[in-house]
Amino acid sequence: MNSKNTNILCPVDQKRILVIGGTGFPCTNIVKKLWDEGHSISIFNRGNNNQIWDDYNPRIQTLIGDRTDISTFFRLQHHVWLRNEASIPWDVIIDSGFAVDVDAVQNIINVIGCDIEHYVFISSKVCSIPEKDTPLNYKLYRNIKLECEERVKEFYNEKHLI
């Protein structure tokens, strides 16, 4: 038996997953698939469209906050402490990568740390295009996304998927 997983709503062979985003493309389909597979899911977002998950409770927990606001991450960290968790209560983080903000990714890394099995960062097709071929209006976006990817790779090493 996996002693790390003590959530009665999530059987031992299932994962506890934090989805950052969770209500837009592509996360809605990801969350539905994870729910269908029986995983215990927390979604962390601004709370604008969380009603789409009302029929999926209790296995979907909503945590309201803005990933670009550092105080949000202190509240997320406080949520972990309130639950008296010895470690972060998730096995996997799925980061929609929607907010193109290196500091937001760094905030997640600072709060979550490395005590997870996997960190999945959803990037963008534009990152695979050589810089010289990137349309001018996407250059800044591409560069920020690449920097976010690098932060994830650097911190999570073999635990990351982009």
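Residues numbered from 1 in each chain as written. Predicted model: local features only at pLDDT ≥ 70, side-chain atom pairs only at ≥ 80, totals over all residues. Heavy atoms only, no water.

## Things to note about the overall build of the chain
Secondary structure summary: the chain contains 4 helices and 6 strands in total. Secondary structure elements of the chain, listed N to C terminal, follow the sequence β-α-β-β-α-β-α-β-α-β. In the chain, which comprises 162 residues, the proportion classed as buried is 41%. Long-range contacts, defined as pairs at least 24 residues apart, comprise 58% of the intrachain contacts of the chain with a sequence gap of at least 6. Counting every atom, the chain has about 9000 Å² of accessible surface; 55% of that belongs to carbon and sulfur. (Helix = DSSP H or I, 4+ residues; strand = E, 2+ residues; numbered from the N terminus. Buried < 20%, exposed > 50% of the residue type's maximum accessible area, 1.4 Å probe, protein only. Contact = heavy atoms within 4.5 Å. Areas by Shrake-Rupley, 256 points an atom, 1.4 Å probe, with all protein chains shown as cover.)

## A short note on helix α3 (residues 102-112)
When you tally the buried positions in α3, you get 8 out of 11 residues, the bulk of the element. Every buried residue of α3 is accounted for by Val102, Ala104, Val105, Asn107, Ile108, Ile109, Val111 and Ile112. Two or three places before Asp103, at the opening of α3, Asp101 has a side-chain oxygen 2.9 Å from that residue's backbone nitrogen. Gly113, located one to two residues past α3, shows a positive phi value of around 70°. (Polar contact = N/O pair within 3.5 Å; in protein donor to acceptor, adjacent residues only side chain to side chain.)

## As for the environment of Glu158
Among the secondary structure elements, Glu158 is positioned in the loop between α4 (139-156) and β6 (160-161). Between the C-alpha atoms of Glu158 and His118, which are 40 residues apart in sequence, the distance is 8.4 Å.

## Focus on the confidence of the model for the chain
When pLDDT is averaged along the chain, the result is 79, and 83% of the positions lie at 70 or above. Residue range residues 1-10 is modelled with pLDDT below 50. Its contacts to residues more than four positions away, or to other chains, number 18 contacts. (pLDDT = per-residue confidence, 0-100.)

## A short note on the layout of surface pockets
Approximately 330 Å³ is the volume found for the largest pocket. Gly21, Thr23, Asn45, Arg46 and Phe98 are the residues nearest the centre of the largest pocket, which is lined by 19 residues in total. For the lining of the largest pocket, the residue count by class is 6 nonpolar, 10 polar and 3 charged. (1 Å grid on protein atoms, 1.4 Å probe; cavity = no way out; pocket = protein on both sides within 12 Å on 5 of 7 lines; lining within 4 Å. Points joined across faces, edges and corners; volume = space filled by probe spheres on them. Nonpolar A, V, L, I, M, F, W, Y, C, P; charged D, E, K, R; others polar.)

## Let's talk about the nonpolar core
Membership of the largest hydrophobic core comes to 20 residues, with the highest contact counts inside it found for Leu18, Ile93, Ile112 and Tyr119. Those elements that provide at least two residues to this core are β1 (16-20), α2 (70-82), α3, β5 (118-121) and α4. The dominant element in this core, judged by the number of residues it contributes, is α3, at 6 residues. One finds Cys27, Leu34, Tyr56 and Val92 within the second-largest nonpolar core, a separate group that totals 13 residues. (Core = buried A, V, L, I, M, F, W, Y, C linked by side-chain atoms within 4.5 Å.)

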